[in-house]
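Below, each chain spelled out in residue letters.
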Amino acid sequence: MISSTTKVAELAGLVARGGVAVLSGAGLSTESGIPDYRGPTGRSRRAEPMTYQKFVGSAQARQRYWARSHVGWRHIGAARPNAGHRAVAALERRGLLAGIVTQNVDGLHQAAGARQVIELHGGLDRVVCLSCRERTPRAELERRLREANPGWDEAGAAINPDGDAVLTDAQIAGFNLVDCTGCGGVLKPDVVFFGENVPRPRVDECFAVVGGARALLVLGSSLAIKSGLRFVTRAAELGIPIAIVNQGPTGGDGDAALTLDAPLGPTLTGLTALLGAE
């Protein structure tokens, strides 16, 4: 078996050539305290995610979503970049990256200082009106929700991977919603829900980054769904070398030239040290 130290050195040789496209997933953010769906901290089997169809079709579903998300946002919004995010930002500053495509909605790449970030699934720090399409900061919505729910009890809430919390039916029933201040329309987080399509221009932008790269580096993604796996498939079709760092197997392992089953933070810190990109 090849040692992880040897594999990190091999990864450093691949990244040192530059032009690397990064595809990151939830596993990169677990060291910041944000649960993963399928990795060691995953809760996907215990939490049914909100779908776009449920959200737009039911006022009760929206009340449930926003009550849970209102609590969960305090956890997500307070999260800070970990060593893995900082390492990716350092690689970018060194001029070694072609771009970063993230499946995450937590904004931690940008908080770590990365600039060339495409948020494939959007960002929880923004809210969009489904009627007038105006986008506003999440902080403004949170202020309005606090004002609309003075004394609301959220005791005992646990946090799920998509930034919401586990609440009782009674807690949810007592939660008041707010609408768009401009047109009175329904507000939705500016993220792609299950059952909703990523905007085609955004997908094309991601394909362009991957297609123009010298290598693809996958970080913390199980590649269990097409949304991320398609970029690995495209890289493989184009003969672009693929390296994957993740805890556990992934759907792209068969196409990868190099795989490391290891914690993201320590591995990427070691990588940047070898490259002098700290």
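Residues numbered from 1 in each chain as written. Predicted model: local features only at pLDDT ≥ 70, side-chain atom pairs only at ≥ 80, totals over all residues. Heavy atoms only, no water.

> Would you mind going over the nonpolar core in detail, with residue names and values included?
A general tendency of soluble globular proteins is for nonpolar side chains to be buried together. Counting residues in hydrophobic clusters, the biggest one holds 30 residues, and the most contacted among them are Val15, Leu217 and Leu271. Looking at this core, the elements with two or more residues in it are helix 1 (4-15), strand 1 (20-24), helix 4 (83-93), strand 2 (97-102), strand 7 (215-219), strand 8 (242-246), strand 9 (258-261) and helix 10 (264-275). The contact partners of Val15, leaving out residues within four places of it in the chain, are Val20, Leu91, Leu96, Leu217, Leu271 and Leu275. Among the nonpolar cores identified, the runner-up in size contains 27 residues, and Phe55, Ile76, Trp152 and Cys180 belong to it. (Core = buried A, V, L, I, M, F, W, Y, C linked by side-chain atoms within 4.5 Å. Buried < 20%, exposed > 50% of the residue type's maximum accessible area, 1.4 Å probe, protein only. Helix = DSSP H or I, 4+ residues; strand = E, 2+ residues; numbered from the N terminus. Contact = heavy atoms within 4.5 Å.)

> Explain the pairing of strand 7 to me, and be specific about the residues and the numbers.
Of all the five residues making up strand 7, five are buried; the element is thus mostly covered by neighbouring parts of the structure. Judged by which residues are buried, strand 7 turns out to be covered on both faces: Ala215, Leu217 and Leu219 on one side and Leu216 and Val218 on the other are all buried. Two strands pair when backbone bridges link them, and strand 1 and strand 7 are joined in this way by five bridges, in the parallel orientation. Each bridged residue has a counterpart across the sheet, and for Ala21 the counterpart in strand 7 is Leu216. Pairing of strand 7 with strand 8 involves four bridges; the strand directions are parallel. When the sheet's bridge partners are listed, Leu217 is paired in strand 8 with Ala243. Following the chain from strand 7 across helix 9 (residues 226-237) to the adjacent parallel strand 8, one finds a crossover that is right-handed. (Pairing = 2+ DSSP bridges. Right-handed = clockwise from strand over helix to strand, strands pointing away.)

> Before we move on, can you summarise the side chain of Thr250 with the specific residues and values?
Looking at the secondary structure, you find Thr250 in the loop between strand 8 and strand 9. With relative accessibility at 11%, the residue Thr250 sits in the buried group. There is a polar contact of 3.1 Å between the side chain of Thr250 and the backbone nitrogen of Gly252. Here Asp253 takes part through its side chain, which lies 2.7 Å from a polar atom of the side chain of Thr250. Filtering out sequence-adjacent residues up to four positions away, Thr250 remains in contact with Ser221, Ser222, Leu223 and Ile244. (Polar contact = N/O pair within 3.5 Å; in protein donor to acceptor, adjacent residues only side chain to side chain.)

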